[in-house]
Amino acid sequence: MFLKDTYINRRNLLKKRLGSGILLFMGNDECGMNYEDNTYHFRQDSTFLYFWGLSYAGLTAIINIDEDKEIIFGDELTIDQIVWMGTQPSLREKSESVGVRETQPHASIKNYLAKAVSKGQKIHYLPPYRAEHKLKLMDWLGVKPSRYEASVPFIREVVNQRNYKTGEEIFEIEKACNITADMHLAAIRETRIGMKEYEVAAIIEGVAYASGGRLSFPTIATINGQTLHNHYHGNTIGEGDMLLIDAGAETEMGYAGDMSSTIPAGKKFSTRQKEIYDIQVASHIAAVGALRPGVLFEDVYNLSAKVICEGMKSLGLMKGDSDEAVQAGAHAMFFQCGLGHMMGLDVHDMENLGEVWVGYDGRAKSPQFGRKSLRLGRKLEPGFVLTIEPGVYFIPELIDLWKSEKRFAGFINYNKLEAYRSFGGIRNEEDFLITETGSRRLGKKIPLTADEVEALR
Ligand code: GLY
Ligand code: MN
């Protein structure tokens, strides 16, 4: 945990900015995997962690701005829980460690909120993303799970704080990035033809756990990189394959790293693989070079997409004007993912609060195929932490569909494209802090260019 003043200051700022009402923070509970006592790894809600710092199940907190009160609702462990799970600090001790003086038993929250509602106080809550949150809202406030109305002012103020990373947060994120880099370096060095994808995943995840961390999201280690989020690990890595790795660590405090690499199964990329690989790297380098405060991230995306179009034109896979192709959306034959996303306590930071607020400052997102997957489009500001991860993917079903529709026939050479239908996919990803003058890569460098990758194989 950070020092208690960090949490006190964060809550004070929130109170000042929101001005009135009750802010409700729903912590997470334990969650049974295949029966109640066999639980998934406990992960506290990130907004709860940000404002209250406590990574324990079964807590709810409120800020009653109108009465200037902060209360943590929770229960002491029973003797049965202590017997099986060991002891913990008392609720009072936990609360005092983050500057909160008042605690109440968890059962009191329903009454507390009912009284507040009867006094005409507004209860602000964030979008629930777990069934337990929805059930609590139904029990406490009578809100039907399909009809909840999260508070936009509350969302906006949380986003307004969490989007700007402080020095102590950047230190934590950089720790996560360094572990993440070590996960990739180990896999890049140790992957061999004949290994199963799950053996590589085990190497990657072993590094995270051995560093005292965890995973910030489920590991991708796949020879089918054209499937953007491919979590299957059962294939054998064969001669001529490429392996796409997308993996990241989470520190004990909950901060994330997120990097991707693509490597040849053998010592070198084939000529054809290298041609496409170089296009992805050129797009990546162009995007990194454009990172600075004031630049619209959607423009950086347009630039990275244009570089991919130019590369595809040089191989005869595309034709026509690249700017026009990007505006029309033709680049999404190859580049269907976004360019990057905010990162912090969540790998896709605050995605549960809504990409439009986090990544677009309230501006509507484009519905265009490909561009709609861009999670971040807003003007960049110092303190933002984000990923850069353009990709080049050959998806047979997409090729067949667009070809049958003659979609973007003025930009895409479908006849040449046929030869690439089983090529696979390539992505590289690094993490950056936007500084006052530009950007800084976070964490150790992992190989990016084909030469850098091959030097470690
Ligand atoms: N690393 C997973 C993602 O960014 O979607
Ligand atoms: Mn990412």
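Refer to the structure above for everything that follows.
Report follows, based on the coordinates.

What counts, and where the lines are drawn
For every chain, the first residue of the written sequence is number 1, and numbering continues from 1 along that sequence. Starting at A for chains and at 1 for ligands, labels are handed out in the order in which the entities are written. Thresholds applied to this predicted model are a pLDDT of at least 70 for local features of residues and 80 or more for the giving and counting of side-chain atom pairs; totals over whole chains, interfaces and linings are not thresholded and use all residues. Computation of side-chain values covers all heavy atoms of the structure but excludes hydrogens and water. Water is not among the atoms examined, so metal sites may look incomplete; donors are the N, O and S atoms within 2.8 Å of the metal, or within 3.2 Å for Na, K and Ca. Helical segments are the DSSP runs of H or I of at least four residues, strand segments are the runs of E of at least two, and each set is numbered from the N terminus. When accessible area is computed with a 1.4 Å probe and restricted to protein chains, residues below 20% of their type maximum are described as buried, those above 50% as exposed, and intermediate ones as partly exposed. Nonpolar cores are built from buried Ala, Val, Leu, Ile, Met, Phe, Trp, Tyr and Cys residues. Side-chain atoms within 4.5 Å join them into one set. For two strands to be treated as a pair, DSSP must find no fewer than two bridges joining them. We define proximity as follows: a residue is near a molecule or strand when any one of its heavy atoms falls within 4 Å of that partner. Polar contact is the term for a pair of N or O atoms within 3.5 Å; when the atoms are in protein, one must be able to donate a hydrogen and the other to accept it, and sequence-neighboring residues count only if both atoms are side-chain atoms. Here, Shrake-Rupley sampling with a 1.4 Å probe gives the accessible areas, and only protein chains in the shown set may cover a residue. Residue type decides the class: Asp, Glu, Lys and Arg count as charged, Ala, Val, Leu, Ile, Met, Phe, Trp, Tyr, Cys and Pro as nonpolar, and the leftover types, Gly among them, as polar. Each patch is built from residues lacking any salt bridge and having more than 30% relative accessible area; the joining distance is 9 Å for like charges and 5 Å for nonpolar side chains (Val, Leu, Ile, Met, Phe, Trp, Tyr). Note on definitions: salt bridges are taken to be side-chain nitrogens of Lys or Arg within 4 Å of carboxyl oxygens of Asp or Glu. The axes are straight lines fitted to the C-alpha atoms, using for helices just the contacting stretch, and the angles between their N-to-C directions are given from 0 to 180°. Whether two residues are in contact is decided by their heavy atoms, any of which lying within 4.5 Å being enough. Here is the rule for angles: anything less than 35 degrees is roughly parallel, anything more than 145 is roughly antiparallel, 65 through 115 is roughly perpendicular, and the remaining ranges are oblique. Helix crossings fall into two classes, left-handed where the near helix is turned counterclockwise from the far one by less than a right angle and right-handed where it is turned clockwise. The disulfide definition used here is simple: a pair of cysteine sulfur atoms within 2.5 Å. Between the first and last residue of a helix there are one fewer steps than residues, each counted as 1.5 Å, and that sum is the expected span. Directions drawn from the helix axis to the C-beta atoms are what define this arc.

A few words now on the coordination of the manganese ion (ligand 2). Coordination of the manganese ion (ligand 2) by the protein involves Asp258 (OD), His341 (NE2), Glu389 (OE) and Glu429 (OE), with metal-donor separations of 2.1 to 2.2 Å. For the manganese ion (ligand 2), the single-chain donor residues occur in sequence as D-x82-H-x47-E-x39-E. In this pair, Asp258 sits in the loop between β11 (249–250) and β12 (259–264) while Glu429 sits in the loop between β15 (425–427) and β16 (430–434), placing the two residues 171 residues apart along the sequence. The exposure classification of Asp258 matches that of Glu429, with both residues buried.

Below, the discussion takes up the nonpolar core. Membership of the largest hydrophobic core comes to 125 residues, with the highest contact counts inside it found for Phe25, Phe297, Met312, Phe334, Phe394 and Leu417. If you tally residues by element for this core, the top one is helix α8 (residues 167–190), at 10 residues. Core analysis: the next-biggest nonpolar cluster, separate from the first, contains 15 residues, Ile62, Ile71, Ala116 and Trp140 among them.

Looking now at the pairing of strand β1 (residues 22–26). Of all 5 residues in β1, 5 are buried; the element is thus mostly enclosed. Across the two faces of β1 the burial is the same, with Ile22, Leu24 and Met26 and Leu23 and Phe25 all buried. Pairing between β1 and strand β4 (residues 60–64): 5 bridges, direction antiparallel. Within β4, the position partnered with Met26 by the bridge is Thr60.

Our focus in this paragraph is unusual backbone geometry. A positive phi angle, near 50 degrees, is found at Asp68, a position not held by glycine. Its identity as a non-glycine residue notwithstanding, Asp361 has a phi of 50 degrees, on the positive side. Among the structural elements, Asp361 can be located in the loop between α13 (355–360) and β13 (385–388). Classification of Asp361 by relative accessible area gives partly exposed; the value is 44%.

Our next topic: the site of ligand 1. Close to ligand 1 lie Phe217, His229, Asp246, Asp258, His341, His348, Glu389 and Glu429. Take His229: an N or O atom from its side chain is 2.7 Å from an oxygen atom of ligand 1. Interatomic distance of 3.4 Å between a side-chain N/O atom of Glu389 and an oxygen atom of ligand 1. The protein chains hide 95% of the 200 Å² of surface that ligand 1 would expose on its own. Class assignment of the residues belonging to the shell around ligand 1 gives a composition of 1 nonpolar, 3 polar and 4 charged.

Together, Ile79, Ile82, Val83, Trp84 and Met85 make up a nonpolar patch on the protein surface, roughly 630 Å² of accessible area in all. Within the secondary structure layout, Val83 lies in helix α3 (residues 79–85).

Before going further, it helps to spend a moment on the sheet that holds β12. Taking strand neighbours across the sheet as the criterion, the 3 strands line up as β9-β10-β12 in an open arrangement whose pairing is antiparallel. The open sheet has two edge strands with one neighbour each: β9 (220–222) and β12. Neighbour to neighbour, the strand axes of the sheet diverge by 10 degrees on average, direction disregarded. Here β9 runs beside strand β10 (residues 242–247); their pairing, made up of 3 bridges, is antiparallel. Bridge pairing links Ala221 to Ile245 in β10.

Overall, mixed pairing links the 5 strands, which are arranged β6-β5-β4-β1-β7 in an open sheet. With one partner strand each, in any of the chains shown, β6 (102–104) and β7 (123–125) form the two edges of the open sheet. Pairwise comparison of adjacent strand axes, ignoring direction, gives a mean angle of 25 degrees for this sheet. Set on the sheet, helix α1 (residues 4–18) makes contact with β1, β4 and β5 (69–73); between it and β1 the angle comes to about 135 degrees.

Okay, the packing of α8 against helix α9 (residues 197–210) next. Any two packed helices are characterised by the angle at which their axes cross and by the distance between the axes. α9 packs onto α8 with a crossing angle of 150 degrees between their chain directions and a minimal axis gap of 8 Å. In this view, α8 runs roughly antiparallel relative to α9, as classed from their interaxial angle. Seen along the crossing, α8 lies across α9 with a hand that is right-handed. Each of Ile179, Asp182, Met183, Ala186, Ala187 and Glu190 in α8 lies in contact with α9, whose residues at this interface are Val200, Ile203, Ile204, Val207 and Ala208.

On to the state of the cysteines, then. Here is the idea: a disulfide is a covalent bond, and it sits between the sulfur atoms of two cysteines. Counted according to the given criterion, the structure contains 0 disulfides. Free cysteine Cys309: the closest other cysteine sulfur is in Cys337, separated by 13 Å.

For α9, with 14 residues, the first-to-last C-alpha span of 20 Å sits near the 20 Å given by 1.5 Å per residue. Every buried residue belonging to α9 is among Glu197, Val200, Ala201, Ile203, Ile204, Val207 and Ala208, and all of these are buried. One face of α9 carries all of its buried residues, which in axial projection span an arc of 155 degrees. Where α9 is buried, its residues touch α8, β8 (214–215), β9 and β10.

On to the environment of Leu23, then. Relative to the elements of secondary structure, Leu23 occurs in strand β1. Residue classification places Leu23 among the buried positions, given a relative accessible area of 0%. Taking the C-alpha atoms as reference points, Leu23 and Gly142, 119 residues apart in sequence, are found 17 Å from one another.

Let's shift gears to the pattern of salt bridges. In the structure shown here, the tally under the stated rule is 36 salt bridges. Measuring nitrogen to oxygen at the nearest pair gives 2.9 Å for the salt bridge that ties Arg371 to Glu298. Here Arg371, found in the loop between α13 and β13, pairs with Glu298, found in helix α11 (residues 297–314); they are 73 residues apart in sequence, far enough to count as distant. Neither residue differs from the other here; Arg371 and Glu298 are each classed as buried. For Arg378, the salt bridge is made with Asp361, and the minimal N-O distance between the two is 3.6 Å. Residue Arg378 is found in the loop between α13 and β13, and its partner Asp361 is found in the loop between α13 and β13; the two are separated by 17 residues along the sequence. A single salt-bridge network, built from bridges that share partners, covers Arg11, Lys15, Asp68 and Glu70.

That is the geometry; function is a separate question.
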